[in-house]
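As a plain string of letters, each chain reads:
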Amino acid sequence: MLAVPITGFWVMPFLILALLLMPFGLESLALAPAGWGIGAILWTAKTVAAWPGAVSVVQAMPPLGIALVSLGGLWLCLWRRPWRLAGLAAVAAGFASVLVVRPPDLLIAEDGRLIAAAEVDGTLRLSSGRADRFAGQTWLHRAGQEKPLAWPAPGDDPSALDCQAEDCRYRREGHEIAIVSTPAALPMPVPDPIS
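None of the values given here were measured: they were computed from a predicted structure.

Student: Hey, could you go over the nonpolar core for me, with residue numbers and the actual values?
Tutor: With 17 residues, the main nonpolar core has Leu114, Leu124, Leu126, Trp139, Leu161, Tyr170 and Ile179 as its most contacted residues. Of all the secondary-structure elements, those providing two or more residues to this core are strand E2 (115-118), strand E3 (124-126), helix H5 (133-142), strand E4 (161-164) and strand E5 (167-172). It is E2 that contributes the most residues to this core, four residues altogether. Ignoring any residue separated from it by four or fewer positions in sequence, one finds Leu161 in contact with Ala117, Glu119, Arg125, Trp151, Pro152, Cys168, Arg169, Tyr170 and Ile179.

Here's what the structure looks like:
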């Protein structure tokens, strides 16, 4: 609410004036006040961002939800007849898609050095805080989570993820997945008996 009027009534007029003064080499007379306005916009942004509750992390909307909200909004804007209100149903369905679509239980980075395992409540545990930080932060933000849960150590109380030595077992809804980090944790094939 503060940045837009500063931009429209202060910064932009001085930038246009700077453009008009450029052929005469006098653009600095207008660029200095425009810079003050840009400084005021940056100060406003930093001040508001520092307020408690200014930023909150929420779960990402699935692509289907984004499409429904967009199409419902377009339907509302394009029609003038009473049937245009059907767009509200599409918008509501788009927002409800966050509650219906279930995110993946396991996420594995391209190089396999980072794994995220979802608990029953949807919170993520990351296998490493150093490997592939960008992917880890992206996964956390999409899950609506600021910090990951710790990867369980051997002997910790078992949750959906239970680790013993190099071997971790992820259990969810009757399914079990082994997560191994070293070749020693892989089962060794039994040799065929010599006849």
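Student: Give a description of helix H3 (residues 63-78) that names residues and reports values.
Tutor: Because an α-helix packs 3.6 residues into every turn, residues spaced three or four apart end up facing the same way. Counted at 1.5 Å a residue, the expected span for H3 with its 16 residues is 22 Å, and the 22 Å between its end C-alpha atoms agrees. In this structure, the buried side of H3 is in contact with helix H4 (86-100).

Student: Just give me the short version of the environment of Ala18, but keep the residues and values in it.
Tutor: Within the secondary structure, Ala18 is located in helix H1 (residues 3-21). For Ala18, a relative accessible area of 1% gives the class buried. Sequence-wise, Ala18 and Asp167 are 149 residues apart; in three dimensions their C-alpha atoms are separated by 66 Å. In this structure, Ala18 is in contact with Glu27, Ala30 and Leu31, ignoring residues within four places of it in sequence.

Student: Tell me what's going on with the packing of aromatic side chains, and back it up with residues and numbers.
Tutor: Considering all chains together, one arrives at three aromatic pairs under this definition. When the ring of Trp75 is compared with that of Trp79, the centres are 5.6 Å apart and the planes differ by 55°; the resulting orientation is tilted. Look at Trp75 and you get partly exposed, because its relative accessible area is 37%. Through successive ring pairs, a cluster of aromatic residues spans Trp75, Trp79 and Trp83.

Student: Tell me about H5, and please be specific about residues and values.
Tutor: Here H5 has its buried residues at Ala135, Gly136, Trp139 and Leu140. Within H5, the buried residues cover an arc of 135° as seen down the axis, which keeps them to one side. The outward face of H5, more than 90 degrees from its buried face, is lined by the exposed residues Arg133 and Phe134. Buried residues in H5 make contact with strand E1 (106-108), E2 and E3. Trailing H5 by a residue or two, Gly144 shows a phi angle of about 75°, which is positive.

Rules of the game
As a convention, each chain's residues are numbered from 1 in the sequence order in which they are written. Only residues with pLDDT of 70 or above have their local features reported here, since the model is predicted, and side-chain atom pairs are shown and tallied only from 80 upward, although totals for entire chains, interfaces and linings are computed over all residues. Only hydrogens and water are set aside when side-chain values are computed; all heavy atoms of the structure are taken into account. Definition used in this section: a nonpolar core is a set of buried Ala, Val, Leu, Ile, Met, Phe, Trp, Tyr and Cys residues joined via side-chain atoms within 4.5 Å. Each residue is assigned to one of three classes by its accessible area relative to the maximum for its type, calculated with a 1.4 Å probe on protein chains only: buried under 20%, partly exposed between the two thresholds, exposed over 50%. The helix count covers DSSP runs of H or I at least four residues long, the strand count covers runs of E at least two residues long, and both are numbered beginning at the N terminus. Whether two residues are in contact is decided by their heavy atoms, any of which lying within 4.5 Å being enough. Helix span, expected: 1.5 Å multiplied by one less than the number of residues in the helix. A pair of aromatic rings is counted whenever rings of Phe, Tyr or Trp (Trp by its six-membered ring) have centres within 6.5 Å, and the orientation is called stacked for planes under 30 degrees apart, edge-to-face for over 60 and tilted otherwise. Arc, as used here, means the arc of the directions from the helix axis to the C-beta atoms.

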